[in-house]
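Okay, here's what each chain looks like letter by letter:
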Protein chains: 2
Amino acid sequence: MVSQRIQQMQSSPIRYLNKISETVQAKGVTVYHVNIGQPDIETPAILMDEIRNMEVSVLAYSPSSGLARTKDAFSAYYRSRGYAVDPEHVYMTNAGSEAILFALLAAADSGDSILVPEPFYTNYRSLAEVAGVHIKPVTTSLADNFRLPPYEELARMVDSRVKAVLFSNPGNPTGKVYDSEDMEKLRRLSEEFGIYLIADEVYSEIYYEGVSFVSALDLDDVSDHVIMVDSISKRYSACGARIGCIVSRSKTIIEHIEKLGQMRLCPPTIEQVGAAALSRLPREYYASIRERYERRRDVVCEGLRVIPGIAFHIPEGAFYTLIELPVENAKKFCEFLIGEFSFDDETVLLAPAEGFYMTPGLGVREVRMAFVLEEDKLRRTIELLGKGLQEYTRLHQNEIINMPPMPLDLVIEQSTYNWV
Amino acid sequence: MVSQRIQQMQSSPIRYLNKISETVQAKGVTVYHVNIGQPDIETPAILMDEIRNMEVSVLAYSPSSGLARTKDAFSAYYRSRGYAVDPEHVYMTNAGSEAILFALLAAADSGDSILVPEPFYTNYRSLAEVAGVHIKPVTTSLADNFRLPPYEELARMVDSRVKAVLFSNPGNPTGKVYDSEDMEKLRRLSEEFGIYLIADEVYSEIYYEGVSFVSALDLDDVSDHVIMVDSISKRYSACGARIGCIVSRSKTIIEHIEKLGQMRLCPPTIEQVGAAALSRLPREYYASIRERYERRRDVVCEGLRVIPGIAFHIPEGAFYTLIELPVENAKKFCEFLIGEFSFDDETVLLAPAEGFYMTPGLGVREVRMAFVLEEDKLRRTIELLGKGLQEYTRLHQNEIINMPPMPLDLVIEQSTYNWV
């Protein structure tokens, strides 16, 4: 008999619809995959070029904390962004996932708790389960633009077992970027209660015009309690490299993380070499990525606002938006879209958002859409979503909430809130 | 404050002397590193060639269980060794370390126990700590050639919280290969108590003439409880690739491991591509590796047998031997060797064996030597070990056990047991 904990662990709610998708694709249906955060933008060629030029006699372990050249490169990159990060503040990991697991193990004991603003990246749940740490969700909502609750409310949630706040910023799945007011709440929490801030900033280069991004690395006076988690996956479209890191100015944190690092020996050497080369990219690279995602964000928002009965968050960063649909159960709708619906032999795969919430009942009507397709495909994706909703409306009238069964082409702007 | 568990976690006893080594090397001393299992044999060129030929537009996530081509390649490799392993029995991991962690999480709950023959690979301890699993050590000894205790003794150790036996075979740090009698004990344990056998077989191609290797995959009638852990690190000298896998014919195990796999998304894509190519190596490759290590094994044993007062295990597999030294504290001796001793500006870095034992007091006089240098260097390493012992004897007469302070060149064969 396998362990109770693994029996209880959830399968990824993001990926479970993929099997249905494979089946319908095999039947010739084109599926627009906007369910997972796998960017489609080309990985900078410099990564593979560097790897191709490697002279490998013995493919040896790197130091547990990473190759010196990679830590140097990451330090240089953070400095180019204005953060005083030295190579010894950087601990290379098997992508962001391992960095989060290490941070949890270092910050909290089994049986301790962490605060996590919900909706949150669904793998936080499994990682916390492996670490034996309870998640106390801090509920945020689309209606409130996913802002953090007032400081006093947050402070009331901190008991003696709460050891950290884990949050992603820019946010997955929300597309939220915390403003300086929200970041100040987190800073105060850390200062007042001595808890860690585990800041998942893997989307940190991706935020849009008019948005100010405040990194946890900006919170100088609690820097001993800041554990920033980073990854090359998103900003360089290099998900497959599995290269990430922990950045902390706390010598204590880095020294203790080293024990976990030694436990698994090292991150992959070849991909560390490739990752080191990325620091040579000019700042214009990041601007161009940001612009591409911003244009997509605009296309998505333009498209969504004319679909009747829906509400969505206008992303300030990352490449996701959460959409509330006029259906009772968004998961069923996603299954319908991928399993039953098609239009001109095309359909859409979305991620039901229920799995991003810890509190039962929340997010049941929401889906997450990732902007990981070119603009024309995103337009088509949204068109298909609209048509799918129409069809679903027709078939499941009793399940439709506030959605007049009107043809799409007659619709003018019905979605108002969150579109500014 | 960091967590209690990470404060209590031990730093790698294998690597801690490396810092001293770096210091003395900076002073111009040549250090023969036989302390860690980093092979020096060339990585097959086919691995990097395959990677250089990759066409990468977007470096994407692989499936969580690994690339189809890599699972196919591993399946083909196991079939070439005579094991009926299908691609769906293979779950690709971030090397053996992650495979062991996943196996522990799947086999046991937090608070459960596992049996582990000691001395054992020291990272088992940290991995078990992360999994919240207690290790009940099954003591084996150099004097008994690291054989498992009688079945009844093993059976008495199994209570309701014991969920698995974790063992490495061929053994690190022992060089032990379990014979069919020992493997039968493990099979019976699994059958009688329904516990898992987590078989770390990362050294499985490395066993020497006259030795029969019995894989856990041979134990057909408990195959539902066999979780074999493998890695390309050792047999292909590809430690830096961080590519390993779990092999299990239990559909339940693989299905549940998938949840852990999804949690960390996937193993590194580029290195998976490289690893897939390795299955094209002919069987002669493995024979040649085995022969090289066997010649080294012979050189090491020839050398050690003339050092007075020591005892050692003649390795049947892997590339390690455990050596009992005529000193009170082998750790102090290792520190002396690397920090104080040198001969013609050369010295040796060994791994103190105490950290490989769970039971306090065991292994205090033992060190592990890895045959990861060419034969002439191994000869020199052993010469330096002998001279170091002589010098240590002179300086620490009160700490020396059974070691006559005679010059090395007068010594004839004093070490008898374990040399057959």
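Residues numbered from 1 in each chain as written. Chains lettered and ligands numbered in written order. Predicted model: local features only at pLDDT ≥ 70, side-chain atom pairs only at ≥ 80, totals over all residues. Heavy atoms only, no water.

Looking now at the overall build of chain A. Secondary structure assignment for chain A yields 13 helices and 13 strands. In terms of C-alpha radius of gyration, chain A reaches 22 Å, essentially the compact-globule figure of 22 Å for 420 residues. Once the C-alpha set of chain A is aligned to its principal axes, its extents read approximately 60 × 55 × 55 Å. In chain A, which comprises 420 residues, the proportion classed as buried is 64%. (Helix = DSSP H or I, 4+ residues; strand = E, 2+ residues; numbered from the N terminus. Rg over C-alpha atoms; globule rule 2.2 N^0.38 Å. Buried < 20%, exposed > 50% of the residue type's maximum accessible area, 1.4 Å probe, protein only.)

With an RMSD of 0.0 Å, the operation that places chain A on chain B is a rotation of 180° combined with a shift of 0.0 Å along the axis. In the structure described here, the two chain copies are related by an operation that fits a two-fold rotation axis. Among all residues of chain A, the one whose C-alpha sits closest to the rotation axis is Arg52(A), at a distance of 2.5 Å. Mapped onto chain B, 100% of the interface residues of chain A are again interface residues, and the two copies thus contact each other with one and the same surface. (Least-squares fit on C-alpha atoms with pLDDT ≥ 70 in both. Contact = heavy atoms within 4.5 Å.)

Residue and element names in this part refer to chain A. Across the junction of asparagine 172 and proline 173, the peptide omega takes the value 10°, indicating a cis bond. Even without being glycine, aspartate 345 reaches a positive phi, approximately 60°. Positionally, aspartate 345 belongs in the loop between α12 (330–339) and β11 (346–349).

All names here are of chain B. In space, the four strands of this open sheet follow the order β9-β10-β13-β12, with antiparallel pairing throughout. Looking at which strands have only one partner, the edges of the open sheet turn out to be β9 (311–312) and β12 (351–352). In terms of strand pairing, β12 meets strand β13 (residues 366–370) through two bridges, oriented antiparallel. Bridge pairing in β13 links proline 352 to valine 367. (Pairing = 2+ DSSP bridges.)

All names here are of chain A. Taken in spatial order, the seven strands line up as β2-β8-β7-β6-β5-β3-β4 in an open sheet, and their pairing is mixed. For this open sheet the edge positions go to β2 (90–94) and β4 (134–139), each flanked by a neighbour on one side alone. On average, adjacent strands in this sheet sit at an angle of 25° to one another, irrespective of strand direction. Where strand β5 (residues 162–168) and strand β6 (residues 196–200) come together, five bridges link them in parallel fashion. (Axes fitted to C-alpha atoms, helices over the stretch in contact; angles between N-to-C directions.)

So, about the pairing of strand β7 (residues 226–231) of chain A. Residue and element names in this part refer to chain A. A large share of β7 lies buried, amounting to six of its six residues. Side chains Val226, Met228 and Asp230 project from β7 onto one buried face, and the interleaved Ile227, Val229 and Ser231 project onto a second face that is buried too. For β6 and β7, the ladder comprises four bridges, and the chain directions are parallel. When the sheet's bridge partners are listed, isoleucine 198 is paired in β7 with isoleucine 227. Direction of pairing for β7 relative to strand β8 (residues 243–247): antiparallel, over a ladder of four bridges. Note on β8: the bridge partner recorded for aspartate 230 is cysteine 245.

What follows concerns the interface of chain A and chain B. Taken together, the contact pairs 74 residues of chain A with 74 residues of chain B. Carbon and sulfur atoms supply 55% of the area buried between chain A and chain B, which totals about 6,000 Å² over both sides. In this assembly, chain A and chain B are joined by zero salt bridges. Here chain A and chain B share 50 residue pairs in polar contact (both at pLDDT 80 or more) between them. Take the side of chain A that touches chain B: its biggest share by element is eight residues, from helix α9 (residues 251–263) of chain A. Here the side of chain A that touches chain B is composed, by residue class, of 39 nonpolar, 24 polar and 11 charged. (Buried area = accessible area lost by both parts, 1.4 Å probe. Salt bridge = Lys/Arg side-chain N within 4 Å of Asp/Glu carboxyl O. Polar contact = N/O pair within 3.5 Å; in protein donor to acceptor, adjacent residues only side chain to side chain. Nonpolar A, V, L, I, M, F, W, Y, C, P; charged D, E, K, R; others polar.)

Let us look at the pairing of strand β8 (residues 243–247) of chain B. Residue and element names in this part refer to chain B. Among the five residues that make up β8, five are buried, leaving the element largely enclosed by the rest of the structure. The alternating pattern of β8 places Ile243, Cys245 and Val247 and Gly244 and Ile246 on opposite faces, both of which are buried. Of the pairings in the sheet, the one linking strand β2 (residues 90–94) to β8 comprises five bridges and is antiparallel in character. Counterpart to threonine 93 in the pairing with β8 is glycine 244.

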